[in-house]
Number of protein chains: 2
Amino acid sequence: MKKTEGGVTAPRGFLAAGAAAGIKKNQKDMAMIYSRKPCRAAGTFTKNLVKAAPVKWDQEVVYEGGTVQAVVVNSGVANACTGKEGYDCCLETARKAALELNLTYDQVLVASTGVIGAQIPVEKIKKGIEMMVPLLSESREAGEMAAEAIMTTDTVKKEIAVSFELGGKTVTLGGMCKGSGMIHPNMCTMLSFLTTDACISKEMLQKALSASVEDTYNMVSVDGDTSTNDTVLLLANGMAENPEITEEGEEYRAFLQALNQVNTCLAKQIAGDGEGATALFEVKVIGAAEKEQAVTLSKSIITSNLTKAAIFGHDANWGRILCAMGYSGARFDPDKVDLYFESAAGRLKIIENGVSTGYSEEEATRILSEKEVTAVADLKMGEASATAWGCDLTYDYVKINADYRS
Amino acid sequence: MKKTEGGVTAPRGFLAAGAAAGIKKNQKDMAMIYSRKPCRAAGTFTKNLVKAAPVKWDQEVVYEGGTVQAVVVNSGVANACTGKEGYDCCLETARKAALELNLTYDQVLVASTGVIGAQIPVEKIKKGIEMMVPLLSESREAGEMAAEAIMTTDTVKKEIAVSFELGGKTVTLGGMCKGSGMIHPNMCTMLSFLTTDACISKEMLQKALSASVEDTYNMVSVDGDTSTNDTVLLLANGMAENPEITEEGEEYRAFLQALNQVNTCLAKQIAGDGEGATALFEVKVIGAAEKEQAVTLSKSIITSNLTKAAIFGHDANWGRILCAMGYSGARFDPDKVDLYFESAAGRLKIIENGVSTGYSEEEATRILSEKEVTAVADLKMGEASATAWGCDLTYDYVKINADYRS
């Protein structure tokens, strides 16, 4: 498997476009993905009881089981908490795109990201669709335009593509994403769009996506503010002409491995680009009795405000980490825990069996001053482990979230 | 029932003292409470799996069931994650206080608040005890000295006392507290000390405290960072000579009512004095089908970083509140929710049946610019309700938590 250039337009037969439809001021605010051939579609969606209209629409389309050939995305307005009017807007968006692309409206997926509560300016959306259709292209630049158009408080566009062999054919998997329902709470959305020319049954496609999301996007720092719009969509058009994957086995595992690589890369890009973040904070819990326990503990640490503030301060305040583990609800023996900090600047054992090793604060601060820092907690109970990704809590996080809308 | 002056020294027979023992630089850092007569003691403690040494010590003393006559508190060091050495320090502290006060060491409760992981300078603690014993006094000033000595990042001392009638006798209940395991995570402690001259059985005393804590301290904003040291202690010396309360009934309810008033007042003082806070944020969930649901929803809102940041920005970003309700895990119908903001500046209906009322943003910002603001969410499902207290998320919260220790 090798990393290749580009994003959603890297696989055969996928076109993309981005445009400024006037939803946001003087910025690209709409993106479109189109496949030359009908795609099998898989999706995972927010577990928030309050679901945005496009989430409800996409769930119907994906679960209904027909083929999909286009995705229309807007940034600026989330179309959440908008009642029937908001849902009708999704329907109109799908109908308009279907008309322009010669599809049926149930072949069009819709996604939105932005402020909650406001209604979508549907006429601008329709205008944007008309603008994008002629711009659709398989070029790398077209993929970049789309990746830029879905950005909100993101500071960089997020793309990746990999190629690998399936049944003697070269298969490509590409993706783009934005924000994070957790790290970008006020933009209230993590959106990820994945495209592949692999030939795989709808059932196995959904199975692979559901499995991969658990270990990737769902391990990105949750500050509790799980979005109303979180959506991950995976489209497969089969143009690589590999023998169709219809069951678990070597081919399926190869596809899943590629999917995990792509999603892990995108998930880390999201965490590292968290609102106001100055550092990517990775937490590994190892030596756990079972994975469930490692997941609970790593997420509890990554979401602790005081731990995140300490990372911002380059302060090895390990007591906050042990405290966060203690209230996580997971069982473990605090008196057996070893804790390490590591980064490009080195690795340091901070506590052994629950108490300080008498480490050098200067050395710890030097390690914590890197752009990517990792905390490793060893429970010494078993072989299970989990990794979670987040970022530090900074003045800018507060500024962005306090000033937004105002 | 009437509010009276003072705090822990307001009830008959309770003395207090505060001193600077050199644990912190040039600040009072030790407090002592002493009762002329042996007290029945009740306590509630942190649910964190990682418990500070003094929490373990107090649990043994309180649960063992003997009488208690003194409490020794230090600020500056939490004595958490300190292993056997930390526990032995509690034992030495109790032994020293017992020696100086002519008690047995199992009549002495101990509490600590401060940084996690550091060992307590036990010689300074012993010196502090020697300093405080001659300072012990029933005066209001002595109570204030104690209330000041337990402060960490608190900006104001927190005291209250009330008097009421029990069986024809005037009974007084006083209290002091500091910080918050939730709002003051880096100081990792909410400590509350309550004294009363009421005559009540140990069983009913514990029953009243456990019930009261649920609706007061446990409803203060939890940013997830539940402390390793949280402790609430209630001492009753019976000197009011009211007929002993030994069962539920009118007298018990009168005592519980007074206890709730004292604890609610202290809990709100804690929330309003949250690290970096500029406003007390109260959340009422009404019209719930059951209390459990109202508690879950109100706590989810009060702990939402993005909601707290919006309050700091005086921004009526109601979508964040509905979002926080949605991911709380509690069941409700988002399309039935009404939401109001209220403060000294007025009351405004923000959303009706899940969608915006088209309210005036200026009016909303005016209401949210007060020092105490309330959000009321009506589920329209039943008669149950719950109230939670928190504060806004500010630059100073990040500053305090990033710079601490550094």
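Cut-offs applied
- Residues numbered from 1 in each chain as written.
- Chains lettered and ligands numbered in written order.
- Predicted model: local features only at pLDDT ≥ 70, side-chain atom pairs only at ≥ 80, totals over all residues.
- Heavy atoms only, no water.
- Helix = DSSP H or I, 4+ residues; strand = E, 2+ residues; numbered from the N terminus.
- Buried < 20%, exposed > 50% of the residue type's maximum accessible area, 1.4 Å probe, protein only.
- Salt bridge = Lys/Arg side-chain N within 4 Å of Asp/Glu carboxyl O.
- Contact = heavy atoms within 4.5 Å.
- Buried area = accessible area lost by both parts, 1.4 Å probe.
- Polar contact = N/O pair within 3.5 Å; in protein donor to acceptor, adjacent residues only side chain to side chain.
- Nonpolar A, V, L, I, M, F, W, Y, C, P; charged D, E, K, R; others polar.
- Pairing = 2+ DSSP bridges.
- Least-squares fit on C-alpha atoms with pLDDT ≥ 70 in both.
- UniProt positions renumbered as here; feature names shortened; annotations may be inferred.

- Where an unreviewed UniProt entry is consulted, chain A appears under the name Arginine biosynthesis bifunctional protein ArgJ, with the organism given as Candidatus Choladousia intestinavium.

## Observations regarding unusual backbone geometry
- Even without being a glycine, A:His314 presents a positive backbone phi close to 55°.
- Here A:His314 lies in the loop between helix 8 (305–312) and helix 9 (318–326).
- You can call A:His314 partly exposed: its relative accessible area is 28%.
- Positive phi, close to 60°, is recorded for B:Asn102, a residue that is not glycine.
- Relative to the helices and strands, B:Asn102 resides in the loop between helix 2 (83–101) and strand 5 (108–115).
- B:Asn102 sits in the exposed class, given a relative accessible area of 74%.

## Considering the pattern of salt bridges
Residues and elements named next belong to chain B.
- Going through the model one piece at a time under the given rule, you end up with 42 salt bridges over all chains.
- The closest approach of N and O atoms between Arg-40 and Glu-244, which form a salt bridge, is 2.8 Å. One end of the pair, Arg-40, is in strand 3 (residues 30–45); the other, Glu-244, is in the loop between strand 9 (231–236) and helix 6 (250–272), and 204 residues separate them in sequence.
- A relative accessible area of 37% means that Glu-244 is categorised as partly exposed.
- Of the charged contacts, one joins Glu-342 and Arg-347 as a salt bridge, the two residues approaching to 2.5 Å between their closest N and O atoms.

## A short note on the interface of chain A and chain B
- Each partner contributes to the interface: chain A provides 53 residues, whereas chain B provides 53 residues.
- Interface area, chain A with chain B, both sides summed: about 4100 Å², of which 59% is carbon and sulfur.
- Where chain A packs against chain B, one counts 0 salt bridges.
- Run the count over chain A and chain B and you get 5 residue pairs in polar contact (both at pLDDT 80 or more).
- At the level of secondary structure, the elements contributing two or more residues to the side of chain A that touches chain B comprise helix 8, helix 9 and helix 11 (395–403) of chain A.
- Among the elements that take part in the side of chain A that touches chain B, helix 11 of chain A stands out by supplying 7 residues, more than any other.
- Partitioned by chemical class, the residues of the side of chain A that touches chain B number 25 nonpolar, 19 polar and 9 charged.

## Examining the sheet that holds strand 15 (residues 384–391) of chain A
- Overall, mixed pairing links the 6 strands, which are arranged 13-12-11-14-10-15 (chain A) in an open sheet. With one partner strand each, in any of the chains shown, strand 13 (355–356) and strand 15 of chain A form the two edges of the open sheet.

## Some points on the relation of the copies chain A and chain B
- Superposition record for chain A on chain B: RMSD 0.0 Å, screw rotation 180°, translation along axis 0.0 Å. Here the two chains are linked by the operation of a two-fold rotation axis. Across chain A, the rotation axis passes nearest the C-alpha of A:Tyr395, at a separation of 2.6 Å.

## Thoughts on the UniProt feature "active site" (unreviewed entry) in chain A
All names here are of chain A.
- With numbering aligned to this structure, UniProt lists the feature "active site" (unreviewed entry) at Thr-189.
- Inspection of the secondary structure puts Thr-189 in the loop between strand 7 (169–179) and strand 8 (190–196).
- For Thr-189, a relative accessible area of 0% corresponds to the buried category.

## A short note on the sheet that holds strand 12 (residues 346–352) of chain B
Residue and element names in this part refer to chain B.
- Taking strand neighbours across the sheet as the criterion, the 6 strands line up as 13-12-11-14-10-15 in an open arrangement whose pairing is mixed. On the outer flanks of this sheet lie strand 13 (355–356) and strand 15 (384–391), each paired with one strand and no other.
- Strand direction decides the pairing type here: strand 11 (residues 338–343) and strand 12, joined by 5 bridges, are antiparallel. Among the inter-strand pairings, Tyr-340 is bridged to a residue of strand 12, identified as Lys-349.

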